[in-house]
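Topology and contacts: notes
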2 protein chains.
Amino acid sequence: MVAITIKDVAALAGVSVATASRVLSGNPATSPDSRARVVAAVTELDYRPNAQARALRSTRSDSIGLLVSDVRNPFFADLAHTVEQAALAAGYVTLLGNANERKEQQDRYLDTLISRRVDGIIVAPLGDGSGSIRSLITREIPTVFVDRTVDGLDIPSVTTDSEAGIRQAVEHLAAAGHTRIGYISGPQATSTGRDRFAAFTRAIAGTGLSQDPELVYFGDYQAASGSAGVHALLQLRRPPTALLAADSLMAVGAIAILHKLGRRIGADIALIAFDDIEWFALLNPALSVISHSVEEMGRIAVDMLLQVIDGAKPESVVLPSELIVRASSSTPTSPASGPSLRTN
Amino acid sequence: MVAITIKDVAALAGVSVATASRVLSGNPATSPDSRARVVAAVTELDYRPNAQARALRSTRSDSIGLLVSDVRNPFFADLAHTVEQAALAAGYVTLLGNANERKEQQDRYLDTLISRRVDGIIVAPLGDGSGSIRSLITREIPTVFVDRTVDGLDIPSVTTDSEAGIRQAVEHLAAAGHTRIGYISGPQATSTGRDRFAAFTRAIAGTGLSQDPELVYFGDYQAASGSAGVHALLQLRRPPTALLAADSLMAVGAIAILHKLGRRIGADIALIAFDDIEWFALLNPALSVISHSVEEMGRIAVDMLLQVIDGAKPESVVLPSELIVRASSSTPTSPASGPSLRTN
DNA sequence: CGTGGATATGGAATCGTTTCCATGGAAACG
DNA sequence: CGTTTCCATGGAAACGATTCCATATCCACG
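Residues numbered from 1 in each chain as written. Chains lettered and ligands numbered in written order. Predicted model: local features only at pLDDT ≥ 70, side-chain atom pairs only at ≥ 80, totals over all residues. Heavy atoms only, no water.

Right, let's get into the overall build of chain A. Within chain A, the secondary structure is distributed over twelve helices and twelve strands. Against the 2.2 N^0.38 benchmark of 20 Å for 344 residues, chain A shows a C-alpha radius of gyration of 26 Å, more extended than a compact globule. Taking the principal axes of its C-alpha atoms as reference, chain A extends roughly 90 × 40 × 30 Å. Burial statistics for chain A: of 344 residues in total, 55% are counted as buried. A fraction of 70% describes how many contacts in chain A between residues 6 or more apart in sequence connect residues 24 or more apart. Per element, the accessible surface of chain A, about 13,700 Å² overall, is 53% carbon and sulfur. (Helix = DSSP H or I, 4+ residues; strand = E, 2+ residues; numbered from the N terminus. Rg over C-alpha atoms; globule rule 2.2 N^0.38 Å. Buried < 20%, exposed > 50% of the residue type's maximum accessible area, 1.4 Å probe, protein only. Contact = heavy atoms within 4.5 Å. Areas by Shrake-Rupley, 256 points an atom, 1.4 Å probe, with all protein chains shown as cover.)

Spelled out as structure tokens, the structure:
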């Protein structure tokens, strides 16, 4: 690693280090002559300023951190993509971290991002306000929560209002004749897990369907727990005729095991997933989903973070969700269709 | 942003900055007494060392860069995940960049990573050896290519041998009676695009199938071009009865438009995709794929990069690929089944 | 008791920038 | 022509850590 510093540039251009620095940072107090010579020297030497040193002195790093809970979740992959593009347009690089739905990894990454003195952090938080999350507040590091929030922390956020979408889904299933709807919930350690579960409970109560607590399975937002949830729910003495999965990965797990068990989605059992993933529409039957806009969420999050960095205190934003009906839930089912198969 | 520096720690602990630094970096030349006091001061102040300053002085940043061509491509999302986990285990943080299959974004991210003085870079490169890629070499920055390579550059890489998988796929289709196989190729600006196309061409020649150049459509590894490819291929006077897509996203595009056109995959037309994505098995019919191991690729890439950082010069690794037959290609087709529909 | 080696410590230089401050010269003004 | 203003410039001080070097203390040994 051969290191070329601003000293080399200054020497080649025949100016002082200070002047070279000024030219490089666009300071107007430079003559056209020295500007030209510095620029020439820079290209000749293929000089790249050392971002560490620059950040050290100027206390800005022109970078933001994005901490998602699982990169492999298409929702967060899309989010990462839009955040990264929006940040790039504003002149920031995005350092992406992956908490893997685990609190200790979240803390580790937060520590790292804090150490690297990023100018701001966008995080889909996990757990309560303990651990490194608290440091964000005490250090007054510009932070925006995305998709999820943490109770009791006064941090601007952009989230989805699950209520409308989930109510529509439940009403849609009820209208099709379903009375027992199984719910594969997200973890209660996340705000979305709690919100969506609460919305489901309210919707069920509102439509007068079965409130049997056995119809709820608590998963962890990862594929395997979707499979486990289906397995558990179908083993009930009176199994559900419709399923609602609280995120896309658990829906994937659910679909996989339903295939294996030979249950035909949309015929034997209805299925609706939270999160609209491009290829859910390609499944046969196409999957009904509760959709919310990732692009908007990412864009707004970056926007809000820039405001926070500038010292403002933006209002939190709540985006709408809405049901998109496709074939996986469109076939009306008579409440007691077929024998109630037991699985094992 | 309240800044707590090592000076504050030293002052509170009643030792010098040098001693505090020694305790923090695990230097044995410290007394148990000062160790205890420094540690206490650190927790009391919630001190996090400034990574910039540390990196500036010690010329190590304990971070690596990973530049993928598209985060939304599940293959690269998985790769990002495994690389990130492997790097974390080795004590490195991963800065993820997204080139978006665009050369100028690749260059921009490379510049950024170079500026941040990452200890090494793993990149799925795009284009030829021009632009910022060249700087990696001249600056002797530890670099490993993953998935793709760049001709003429002497950089260790871990790639997939497409030959075997593609040959198996073509032979499998030929055995099922297909004589005209359409190929939706990746861009020729990438090594995988070229390699897979060459492998396809050789396999076709080897099995004596139609070498009609019209049967090849050149896409760009993104979903839309998969749709465009299917559209173009089906409009031929003698359309193919089987399709091979060179990556998963183009396969998604292909599936989407085949659905829209009412062509039944696995019955009206066979389809095989390169890259095994978890949910491809969930499609109905399940998608036949050419599979290669992302986990291994990511793990090996990190491993190799650590070796390069340590000054070694590891051999490049080529991983195998293999055909996994599922329903999308299993139905034998008679060469001239049905009327040759035109689409528009 | 004096010398030597080991050990813990603090002072200060250093990394590559940015930025404050002082300076010199040119231009502008009366 | 003298004074003021302005502007480009260079020297040097930061930024927050690591690390070299010198020093002080202590123990052991002859």
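Now that the structure has been shown, we can carry on.
Here the focus is the protein's contact with DNA strand C. Taken together, 25 residues surround DNA strand C, and among them I6(A), S21(A), S16(B), T19(B) and R57(B) come closest. Considering the 4 Å shell around the protein, atoms of DNA strand C inside it are sugar or phosphate in 62% of instances. One nitrogen or oxygen atom from the side chain of R57(A) is found 2.8 Å from a base oxygen belonging to DNA strand C. If you list the elements that add at least two residues to the surface near DNA strand C, you get α2 (17-24) and α4 (51-58) of chain A together with α2 (17-24) and α4 (51-58) of chain B. (Near = heavy atom within 4 Å. Polar contact = N/O pair within 3.5 Å; in protein donor to acceptor, adjacent residues only side chain to side chain.)

This paragraph deals with the sheet that holds strand β7 (residues 216-218) of chain A. All names here are of chain A. Spatially, the six strands line up as an open sheet ordered β7-β6-β8-β9-β10-β12, and their pairing is mixed. Lying at the two open borders of the sheet, with one neighbouring strand each, are β7 and β12 (322-324). Here the average twist between neighbouring strands, direction ignored, is 20°. In this structure, strand β10 (residues 288-291) lies alongside β12, joined through three bridges in antiparallel fashion. Bridge pairing in β12 places V289 opposite I324. Packed on one face of the sheet, helix α10 (residues 223-234) meets β6 (181-185), β7 and β8 (242-245) and runs near 150° to β6. (Pairing = 2+ DSSP bridges. Axes fitted to C-alpha atoms, helices over the stretch in contact; angles between N-to-C directions.)

Before going further, it helps to spend a moment on the protein's contact with DNA strand D. Lining the immediate environment of DNA strand D, one finds 25 residues, of which T19(A), I6(B), S21(B), Y47(B) and R57(B) sit closest. Considering the 4 Å shell around the protein, atoms of DNA strand D inside it are sugar or phosphate in 63% of instances. The contact in question runs from a phosphate oxygen of DNA strand D to an N or O atom on the side chain of S21(B), over 2.5 Å. Between a phosphate oxygen of DNA strand D and a side-chain N or O atom of Y47(B), the distance comes to 2.6 Å. Those elements that provide at least two residues to the surface near DNA strand D are α2 and α4 of chain A together with α2 and α4 of chain B. Among the residues forming the surface near DNA strand D, the class breakdown is twelve nonpolar, eight polar and five charged. (Nonpolar A, V, L, I, M, F, W, Y, C, P; charged D, E, K, R; others polar.)

Think of an α-helix as 3.6 residues a turn; residues three or four steps apart then line up on the same face. Residues and elements named next belong to chain B. For helix α5 (residues 74-89), which comprises 16 residues, the first-to-last C-alpha distance of 23 Å matches the rise-based estimate of 22 Å (1.5 Å per residue) to within 8%. Within the sequence span of α5, burial applies to F75, F76, A77, L79, A80, H81, T82, V83, E84, A87 and L88. By the N-cap criterion, in which a side-chain oxygen at the helix start approaches the backbone nitrogen of a residue two or three places on, α5 is capped by N73, the distance to F75 being 2.9 Å. Just downstream of α5, G91 is the residue with a positive phi angle, here 90°. (Expected span 1.5 Å × (residues − 1).)

Here we come to the domain arrangement of chain A. Taken as a whole, chain A is organised into domain 1 (6-49), domain 2 (63-160 + 294-320) and domain 3 (162-292 + 324-329). Of note, the centres of domain 1 of chain A and domain 2 of chain A, computed from C-alpha atoms alone, are 36 Å apart. (Domains from an automatic or database assignment.)

Once that is clear, we can look at the packing of helix α8 (residues 162-175) of chain B against helix α9 (residues 191-207) of chain B. All names here are of chain B. Relative to each other, α8 and α9 sit at 40°, their axes nearing to 9 Å. As the angle between them shows, α8 and α9 are arranged oblique. Here α8 runs over α9; the crossing is right-handed. Of the residues in α9, those in contact with S162, E163, I166, R167, V170 and E171 of α8 are D195, R196, A199, F200, R202, A203, I204 and T207. (Parallel < 35°, antiparallel > 145°, perpendicular 65-115°, else oblique. Left-handed = near helix turned anticlockwise from the far one by under 90°.)

What follows is about the packing of aromatic side chains. Here the structure, examined in full by the defined rule, presents eleven aromatic pairs over all chains. Both rings, one in F75(A) and one in F76(A), keep their centres 5.2 Å apart while their planes meet at 75°; by these two values the pair is edge-to-face. Taken individually, F75(A) and F76(A) each receive the classification buried, so the pair is uniform in this respect. One aromatic cluster is present, formed by Y183(A), F197(A), F200(A) and F218(A) through successive ring pairs. Taking NZ or CZ as reference, R196(B) lies 3.8 Å from the ring centre of F274(B), over its face. (Phe/Tyr/Trp six-rings, centres within 6.5 Å; stacked < 30°, edge-to-face > 60°. Lys NZ or Arg CZ within 6 Å of the ring centre and 35° of its normal.)

Moving on to the UniProt feature "domain: HTH lacI-type" (unreviewed entry) in chain A. Those places that UniProt annotates as "domain: HTH lacI-type" (unreviewed entry) correspond, in this numbering, to residues 4-58 of chain A. Split by type, residues 4-58 of chain A is 69% helix and 0% strand. Its first and last C-alpha atoms lie 20 Å apart. (UniProt positions renumbered as here; feature names shortened; annotations may be inferred.)

Once turned by 180° and shifted 0.0 Å along the axis, chain A lies on chain B with an RMSD of 0.1 Å. The transformation relating the two chain copies, once decomposed into turn and shift, fits a two-fold axis. When the interface residues of chain A are mapped onto chain B, 100% of them are again interface residues, pointing to one common binding face. (Least-squares fit on C-alpha atoms with pLDDT ≥ 70 in both.)

Below, the discussion takes up the interface of chain A and chain B. At the interface, 58 residues of chain A touch 58 residues of chain B. Both sides together, the interface formed by chain A and chain B hides about 5,500 Å², and carbon and sulfur atoms give 53% of it. The interface formed by chain A and chain B contains four salt bridges. A salt bridge links D111(A) to R48(B); its shortest N-O distance comes to 2.4 Å. Put simply, chain A and chain B have 30 residue pairs in polar contact (both at pLDDT 80 or more) between them. Looking at the side of chain A that touches chain B, the elements that each hand over two or more residues are α4, α5 (74-89), β2 (93-98), α6 (103-115), α7 (132-138) and α11 (248-261) of chain A. Across the side of chain A that touches chain B, the residue classes break down as 27 nonpolar, 18 polar and 13 charged. (Buried area = accessible area lost by both parts, 1.4 Å probe. Salt bridge = Lys/Arg side-chain N within 4 Å of Asp/Glu carboxyl O.)

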